[in-house]
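Chain by chain, the residues run as shown.
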Amino acid sequence: MNFIELAEKIIREENRPLTQNEIWNIAKIKGYDKDINTTGKTPWQTIGARLYVDIRDNPSTKFIKLKLKPTKFFLKELINDKDVEKITLEASKESLETKIKFKERDLHKYLTYFVYTYKSIYTKTIYHEESNKKQFSQWLHPDLVGVYFPIEEWENEVLDISKEIGSIGVKLFSYEIKKELNFNNLRESYFQAVSNSSWANEGYLVAAEIESEEEFLQEIKRLTNSFGIGIIKLDVEDPDSSEILFPAKEKDFVDIETMNKLAQVNPNFKDFLKRIKADLTSKEIRKEKYDKIFDIEELINKKGL
């Protein structure tokens, strides 16, 4: 059985629209995953990719894609007018709930948790409204900046010698955050991230809702390959399931001129640089001086909002 056949079997048996993840989870519960010859680490993504291609390229496809959040798949022969009406209403409701539920700054704590938990990166929010010379700073500010220290991993003697040879192992990160990414805002959002991340070792465009169509993901991949800005998808329901969809291209150097301009314009960024220097000098990371890292229980129970 191939992935297309598996998807058809699961959807037919369940008789309801399903996401790519739901299809795979149900397949595991029913033991159908053993009938699939795959060694991939993300078979649910393979299911989604195969379905997208089949719907796009196969005139006689059995599947239909429902533009919900997240995208769900169904069989054409099983859908009826009542289903279409219900799905349309559900999609409108979910879209409205998403707009009401989130503000971009609400997502900062999820990103802070994710990058610290998985990359040991400390973050600092950059408040655009506190900048001066605003007329000269459009697309200069990232929403969040981050730093990775080797302080907690290296012995003091190693830190000392690394300073002498000019290789202290610190990495700087820049994050542009959006509530959602789709074809309507991708290019503007991406090149905003390109503009305000030029100073950092790595720059990322981050969103809680990202269009999952194969064509859209291929366009993101093309942009990342060309310009180096990575993509992070935040999962606000299950923060540990947040993921780097496309890693950023790491630069071995930072743009000092742009950093200087940003420090002149924004006091938050200037304080961020001072904090890094102070922590390196003292060889101790003052965690309370960076954005608060919420526990997973706090994020889930309070929804971080």
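The structure reproduced in this document is the subject of the present report. Residue positions are counted from 1 within each chain, in the order its sequence is given. For a predicted model such as this one, the threshold for reporting local features is a pLDDT of at least 70, and the threshold for listing and counting side-chain atom pairs is 80 or more; totals across whole chains, interfaces and linings nevertheless cover every residue. To obtain the side-chain values, all non-hydrogen atoms of the structure were used and water was disregarded.

**What about the packing of aromatic side chains?**
A pair of aromatic rings is counted whenever rings of Phe, Tyr or Trp (Trp by its six-membered ring) have centres within 6.5 Å, and the orientation is called stacked for planes under 30 degrees apart, edge-to-face for over 60 and tilted otherwise. Within this structure, the stated rule accounts for 14 aromatic pairs. Taken together, a centroid distance of 4.9 Å and an interplanar angle of 85° make the contact between F183 and F216 edge-to-face. Of the two residues, F183 sits in the loop between β5 (171-181) and α7 (186-196) while F216 sits in helix α8 (residues 214-227), which places them 33 residues apart along the sequence. Exposed residues in this analysis have more than 50% of their type's maximum accessible area, buried residues have under 20%, and partly exposed residues fall in between, with area computed by a 1.4 Å probe over protein chains only. For F216, a relative accessible area of 0% gives the class buried. Secondary structure counts use DSSP, requiring at least four H or I residues in a row for a helix and at least two E residues in a row for a strand, with both numbered from the N terminus.

**Some remarks on the packing of helix α1 (residues 3-14) against helix α3 (residues 43-57)**
Here the axes come from fitting lines to C-alpha atoms, over the contacting stretch only for helices, and the angles between their N-to-C directions go from 0 to 180 degrees. Packing of α1 against α3 leaves a shortest axis separation of 9 Å and a crossing angle of 90°. Taken together, the axes of α1 and α3 are roughly perpendicular relative to one another. Contact with α1, carried on its side by F3, I4, L6 and A7, involves P43, T46, I47, R50, L51 and D54 of α3 and no other residues of that element. Residue polarity follows a fixed list, in which Ala, Val, Leu, Ile, Met, Phe, Trp, Tyr, Cys and Pro are nonpolar, Asp, Glu, Lys and Arg are charged, and the others, Gly among them, are polar. Looking at the contact of α1 with α3, its residues break down into 7 nonpolar, 1 polar and 2 charged. Roughly parallel covers angles under 35 degrees, roughly antiparallel covers those over 145, roughly perpendicular covers 65 to 115, and oblique covers all other angles. Whether two residues touch is decided by their heavy atoms; if any such pair falls within 4.5 Å, the residues are in contact.

**Quick word on the packing of helix α9 (residues 256-265) against helix α10 (residues 267-282)**
Relative to each other, α9 and α10 sit at 120°, their axes nearing to 5 Å. With respect to α10, the element α9 is oriented oblique. Handedness of the crossing formed by α9 with α10: left-handed. Every residue of α10 that contacts α9 at M259, L262, A263 and V265 is listed here: P267, F269, K270 and L273. The residue makeup of the contact of α9 with α10, split by class, is 7 nonpolar, no polar and 1 charged. The sense of a crossing depends on the near helix, which, turned anticlockwise from the far helix by less than a right angle, makes the crossing left-handed and, turned clockwise, makes it right-handed.

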